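Understanding the architecture of this molecule
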Amino acid sequence: MTYVGKPVKRLYDDKFVTGKSTYVDDIQISALYAGFVRSPYAHAIIKSINVEDALKVPGIVAVYTYKDLEPLIKQGIGIWLTYEDPKLWKFVPRKPLADKKVRYVGEPVAMVIGTDKYAVRDAIDKVNVDYERLPAVTKMEEALEDKVLVHEELKTNIGFDQTFSAGNVDEAFKSADKVISVEITNKRLIPNPMEPRGIIARYEGGTLTIWYSTQVPHTARFEFSKVFGIPTSKIRVIMPDVGGAFGSKVNILPEDVSVVAASIKLGRAVRWTATRSEEMLSSEARHNTFKGEVAVKSDGTVLGIRGDLLVDLGAYLTYTAPLQPAIIPLMIPGPYKIRNLHIRSRAVYTNTPPITMYRGASRPEATFIIERIMSNVADELGLDDVTVRERNLIRANEMPYTNPFGLKYDSGDYLTLLHEGLEKLRYKQLKEWARAEREKGRKIGVGMAFYLEISGFGPWEFGEVRVSETGDVLVITGGTPHGQGSETAIAQVVADELQIDISRIKVIWGDTETVAASMGTYGSRTAAAAASAAKVAAGEVLKKMKSIAAKMLKADVEEIEYKEGVFSVRGSGKSASWDEVASYAYSSNEPGIYAQVTLPGDVTFPYGVHVAVVEVDDYGIARVLDYKAYDDIGVVINPPLAEGQIHGGATQAVGQALYEEAIINDDGQLAVTYADYFIPTPVEAPKFESYFAEKPHTSAYPTGAKGVGEAALIVGPAVIIRALEDAVGKRFNHTPVKPEEILG
């Protein structure tokens, strides 16, 4: 039996559906509780902090301010050096607590430690902080003026300013039949994973153990080592079950560092789990605007794009925030043969909650920009969406294709997929049906968009496969699944490589003392990078098993054949089972059958076309009725898992396009709660159809997979907005679009 490509049921979900999973907050350990005093102001000087009344609350052990933690801190929280270049940035490393000044509403100012979390909550209210309020800058455009500086030592609010140029833009615009102006905005969002972030730190005997709701345990270990000057050999990071992350849990937060520092100071375990309100403040995302012009021919050919990208960073540069202004421009050309571009990308500090990474992390923004450009071009020239994309898509005979900024698109046939996908999704018929329904009075529309995603990020991933004396198999992966089911896909790959029953395989991850090395799960990389590392390790193990079988059967290894759990000597009739060879290995003088692989890899580029049907009621409330997807993601290891990623991403796309906005008022306060920050529920989720290319274009990774985890959220907002435009006959170049805008 082969497993890859089959709808294998998720292997480890029983604990989730029976309520037996173990998240950070479920871990039973004797620990003190931490809570944080937070700034009520967007910008203010801290004149004094009085903790006397808080210390009188029964059960309170300590109240710390920055000066208490400062001796432990060797350096502040930096940025993700694997993918980000600090030389391009002006930034101040983050401290665990505010020092002399606060820069956004909700910034942690002091930490309260107690034996009971309710006592901690009471004591937080008794910490008296005297502030001197300062003028605040909460809007990106105003931050550019530098009238109010978020970080005086930087002498500017502009943290990043780079120009991405290619081709001859001036000539492209001179030869254009028309120049179209665009302003395209992705407004601020909140990732909102099901499980808020949480951490437990225990420092004893010079060794630090951290239970952490994270996507990157080894990266976290490295960062904590830098911050505290503790050798990585004395730090263990354990990733328990994680209830969703969407990129937000790659970040190392000040609260995390504070909890670790408290454990070091007290010599006791300390824990913190964010409240829902704290989660909304600790991780916000998106918020950027592209203003520019597009040079076009009258037939829809795009000759060039020029403009300015402005990205909000919030008050501090977080671990992953540098990705947005650096990657968005690179991906604006998308799947189109646009060679002439001039894009100035700037990122600014504002007195607002810091921006972090959220599912797609720069690719949704870039895709929304280029797909809105394509639809705007179609409207301005009186062409249909398909024609404009046909004019501009890169052709199959040009692959592999290097885009104007140097990204190498590895494989694909975009034009063929566009045609196949739209036929499969019945786009033309849906458009005709919607037109007829509008004539009857319904406000209903159909939209489409195409996407090209960069995924499978390297630079490497780890995999280890062990065979026990009974022939059972343990896979230790550097991937860090946290809800996707990708551990099942990894088991499928290994089962096929070893030709054994998948029930004999167990996949583990997420503990720095068990997994030798790890990059983690993010950027749609697990099926490509982590599963490939496991596949190569399994191949090495099979070679060892063949060598042992040769000794057992007294034959040359070249004579050994293997098929479906049986080793045989070619032409002799002698054979031994998988289990017999494993047992022989452990009873001989060569026990231990395992292989470790650190597999290098580079990015790959999945792509696809999606279609949505949107209807608007008399109150201006838009609903996505149907969402349809046709994707080339390389080899599809487990179709239901891949479809699940499309469903989840598309549901989040519904939220981004129509409902979700983290509104910051003029005082810098987050002006929404879960009462009016509308996360789509099953009621708002559309009916889904998801298909994958019958003849996929594979990646260079051994599994041939490209990745699917972020695809629907990358393209979905553009698809839904286009359907909304079709329904009401108006243009919307931003997300989300609210009912008052639809009716206005």
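Computed from a predicted structure; not experimentally measured.

With that out of the way, let us pick up the overall build of the chain. On a plain count of helices and strands, the chain comes out with 20 helices and 29 strands. Against the 2.2 N^0.38 benchmark of 27 Å for 744 residues, the chain shows a C-alpha radius of gyration of 27 Å, consistent with a compact globule. Taking the principal axes of the C-alpha coordinates as reference, the chain spans close to 80 × 75 × 50 Å. Looking at the chain alone, contacts between residues at least 24 apart form 81% of all its contacts between residues at least 6 apart. As displayed, the chain has an accessible area near 27700 Å², and 50% of this comes from carbon and sulfur atoms. Within the chain, one finds 85 positive and 97 negative side-chain charges whose respective centroids are separated by 1 Å.

Here the focus is the layout of surface pockets. Put simply, the second largest pocket is a space of about 490 Å³. In terms of lining residues, the second largest pocket is bounded by 18 residues, among which Gly35, Arg121, Ile124, Thr275 and Glu278 are the most central. Among the secondary structure elements, those contributing two or more residues to the lining of the second largest pocket are strand S1 (32-38), helix H4 (117-124), strand S12 (270-273) and helix H9 (276-282). A per-element tally of the lining of the second largest pocket places S1 first, with six residues.

Moving on: helix H10 (residues 323-331). The element H10 is extensively covered by neighbouring structure, given that eight of its nine residues are classed as buried. For H10, every residue scored as buried is listed here: Leu323, Gln324, Pro325, Ile327, Ile328, Pro329, Leu330 and Met331. Lining the buried residues of H10 we find strand S7 (158-166), strand S13 (285-296), strand S14 (302-314), strand S15 (340-349), helix H11 (363-381) and strand S18 (443-452).

As a further point, take empty space enclosed by the protein. Applying the stated criterion to the full structure yields two cavities of 30 Å³ or more. Within this model, the largest cavity holds a volume of roughly 60 Å³. Taken together, Arg38, Arg94, Tyr104, Leu253, Pro254, Glu255, Glu278, Leu281, Ser282 and Pro354 make up the full set of residues lining the largest cavity. Residue assignment for the lining of the largest cavity shows that the elements contributing at least two residues are helix H8 (254-266) and H9. The greatest single-element share of the lining of the largest cavity, amounting to three residues, is contributed by H9. Its residues placed into classes, the lining of the largest cavity shows five nonpolar, one polar and four charged. Each pocket or cavity is described by its volume, and for the second largest cavity that value is around 30 Å³. Tallied by class, residues from the lining of the second largest cavity come to four nonpolar, three polar and two charged.

Let's shift gears to the pairing of S12. Working note: regular strand, side chains alternate between the two faces of the sheet. Alignment of S1 against S12, held across two bridges, turns out to be parallel. Following the sheet pairing, Tyr33 is matched in S12 by Arg271.

Moving on, we get to the side chain of Thr289. With respect to the secondary-structure elements, Thr289 resides in strand S13. Within the structure, the side chain of Thr289 is placed 2.9 Å from the side chain of Thr185, a separation counted as a polar contact. Apart from residues lying up to four places away in sequence, Thr289 is in contact with Met140, Glu183, Ile184, Thr185, Asp308, Leu309 and Leu310.

The subject of this paragraph is the sheet that holds strand S22 (residues 560-563). With antiparallel pairing, the three strands of this open sheet are ordered in space as S22-S23-S24. Strands with a single pairing partner mark the edges of an open sheet, and in this sheet they are S22 and strand S24 (575-577). On average, each strand axis in the sheet is inclined to that of its neighbour by 20 degrees, with strand direction left out of account. Here four bridges tie S22 to strand S23 (residues 566-569), and the two strands are oriented antiparallel to one another. Within the sheet, the bridge partner assigned to Tyr562 lies in S23 and is Phe567. Across the sheet, helix H16 (residues 526-552) lies against S22, S23 and S24, angled at about 125 degrees from S22, the strand it touches most.

Criteria and thresholds
Residues numbered from 1 in each chain as written. Predicted model: local features only at pLDDT ≥ 70, side-chain atom pairs only at ≥ 80, totals over all residues. Heavy atoms only, no water. Helix = DSSP H or I, 4+ residues; strand = E, 2+ residues; numbered from the N terminus. Rg over C-alpha atoms; globule rule 2.2 N^0.38 Å. Contact = heavy atoms within 4.5 Å. Areas by Shrake-Rupley, 256 points an atom, 1.4 Å probe, with all protein chains shown as cover. Lys, Arg positive; Asp, Glu negative; His and termini not counted. Charge placed at Lys NZ, Arg CZ, Asp CG, Glu CD. 1 Å grid on protein atoms, 1.4 Å probe; cavity = no way out; pocket = protein on both sides within 12 Å on 5 of 7 lines; lining within 4 Å. Points joined across faces, edges and corners; volume = space filled by probe spheres on them. Buried < 20%, exposed > 50% of the residue type's maximum accessible area, 1.4 Å probe, protein only. Nonpolar A, V, L, I, M, F, W, Y, C, P; charged D, E, K, R; others polar. Pairing = 2+ DSSP bridges. Polar contact = N/O pair within 3.5 Å; in protein donor to acceptor, adjacent residues only side chain to side chain. Axes fitted to C-alpha atoms, helices over the stretch in contact; angles between N-to-C directions.

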